[in-house]
Amino acid sequence: MALLPIIETPDPRLRTISEPVERVDDALRALMDDMLATMYAAPGIGLAAIQVAVPKRVLVIDLQENDVKTPRFFVNPEIVWESDEFSAYKEGCLSVPEQYADVERPARVRVRYLDYDGNTREEEMDGLLATCIQHEMDHLNGVLFIDHLSKLKRDMLLKKLDKARRTAGAA
Ligand code: NI
């Protein structure tokens, strides 16, 4: 397994619309394994392939609740149903490092996807998992969580990110 470099905003590749996967094969599983290792090392709870500069509709998620590892792999995920009810979570993103903001999304979603073995699955999700998969699926369409914020909030957050990078660069 290899750790892959994570690209960060404003890298234009993060705005790519990722392509559907044609076949879940060993090469794709190797990518998913590398993505999972990269996500754990970051550390994070979700990672989309485009964040490691691969424009494929592939996600890995592990909420690691109670420090228990439960890796999940999603290929070509689609939301087939979402609740009318919304919930807000303080979101962050490995491509917008160390910055967090509340984002409202449907509280529950039903997602259809191919799993690690290429089998079609459908699953209803709620709580943090529902938020996380919607955040990761946004990446497949070139959308970042900061796009859900008002321009004022987004500009403030990006200014903080710039400042943090300058401080790190000067150290
Ligand atoms: Ni993200």
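Conventions used here
- Per chain, residues are indexed from 1 in the order of the written sequence.
- The model is predicted, so local features are restricted to residues of pLDDT at least 70 and side-chain atom pairs to those at 80 or more, both for listing and for counting; the totals for chains, interfaces and linings are taken over all residues.
- Heavy atoms from the whole structure form the basis of all side-chain values; hydrogens and water molecules are not counted.
- The numbering of helices and of strands both runs from the N terminus, where a helix is a DSSP run of H or I of at least 4 residues and a strand a run of E of at least 2.
- In this setup the radius of gyration rests on C-alpha atoms only. A globule is expected at 2.2 Å times the number of residues raised to 0.38.
- To sort residues, take the accessible area from a 1.4 Å probe on protein chains only and compare it with the maximum for the residue type: under 20% means buried, over 50% means exposed, and anything in between is partly exposed.
- Contacts were defined at the residue level, with two residues in contact if any of their heavy atoms lie within 4.5 Å.
- Under the convention used here, a 1.4 Å probe and the Shrake-Rupley method define accessible areas, while residue burial counts only the protein chains that appear.
- A 2.8 Å cut-off from the metal defines N, O and S donors, relaxed to 3.2 Å for Na, K and Ca; water is not in the atom list, so some sites may appear incomplete.
- Stacked, edge-to-face and tilted labels apply to pairs of Phe, Tyr and Trp rings (six-membered ring for Trp) whose centres lie within 6.5 Å, assigned for plane angles under 30 degrees, over 60, and everything in between, in that order.
- Over a ring means this: the NZ of a Lys or the CZ of an Arg is within 6 Å of the ring centre and within 35 degrees of the ring normal.
- Paired strands, as defined in this entry, are two strands with at least two bridges between them according to DSSP.

Enquirer: So what's going on with the overall build of the protein? Which residues, and what values?
Expert: When its secondary structure is counted, the protein shows three helices and seven strands. At 16 Å, the protein has a C-alpha radius of gyration in line with the 16 Å of a compact globule built from 171 residues. For the protein, the spread of C-alpha atoms along the three principal axes comes to 45 × 40 × 35 Å. Relative to its full complement of 171 residues, the protein shows a buried share of 43%. Taking all contacts inside the protein whose residues are at least 6 apart in sequence as the whole, residues at least 24 apart take part in 64%. With an accessible surface of roughly 9400 Å², the protein has 51% of that area assigned to carbon and sulfur atoms.

Enquirer: Any chance you could break down the coordination of the nickel ion for me, citing the residues and the numbers?
Expert: Each pair of donors in an ideal four-coordinate tetrahedral metal site encloses 109.5 degrees, whereas pairs in an ideal six-coordinate octahedral site enclose 90 or 180 degrees. Around the nickel ion, the protein supplies Cys93 (SG), His135 (NE2) and His139 (NE2) as donor atoms, at distances of 2.1 to 2.3 Å. For the nickel ion, the donor residues sit on a single chain with the sequence spacing C-x41-H-x3-H. Pair noted here: Cys93 is in strand E4 (residues 86-93) and His135 is in helix H2 (residues 127-140), with a separation of 42 residues, a long-range link. For Cys93, a relative accessible area of 9% translates into the label buried. A residue is classified by how much of its surface remains accessible, and His135, at 6% relative accessible area, is buried.

Enquirer: Give me the lowdown on the side chain of Arg105, citing residues and values where you can.
Expert: On the secondary structure map, Arg105 appears in strand E5 (residues 96-106). The exposure class of Arg105 is buried, given its relative accessible area of 4%.

Enquirer: Got a sec to walk through the side chain of Thr38? Specific residues and values, please.
Expert: With respect to the helices and strands, the residue Thr38 is situated in helix H1 (residues 26-41). Owing to a relative accessible area of 4%, Thr38 belongs among the buried residues under this scheme. When near neighbours in sequence (up to four residues on either side) are disregarded, Thr38 contacts Ala2, Leu3, Leu4, Ile6, Leu47 and Val52.

Enquirer: Lay out the packing of aromatic side chains in plain terms, naming residues and giving numbers.
Expert: Per the counting criterion, the structure on display carries two aromatic pairs. With a centroid separation of 4.6 Å and an interplanar angle of 50°, the aromatic rings of Phe73 and Tyr116 are classed as tilted. Of this pair, Phe73 sits in strand E3 (residues 72-82) while Tyr116 sits in the loop between strand E6 (109-114) and strand E7 (120-125), and the two are 43 residues apart along the sequence. You can call Tyr116 partly exposed: its relative accessible area is 24%. One cation-aromatic arrangement involves Arg29 over Tyr116; the distance from NZ or CZ to the ring centre is 6.0 Å.

Enquirer: Lay out the pairing of E7 with the relevant residues and their values.
Expert: Of the strand pairs in this sheet, E6 and E7 are connected by six bridges, and their pairing is antiparallel. Note that in E7 the partner of Leu114 across the bridge is Thr120. The hairpin formed by E6 and E7 contains five residues between the paired strands, and Gly118 there has a positive phi angle of roughly 85°.

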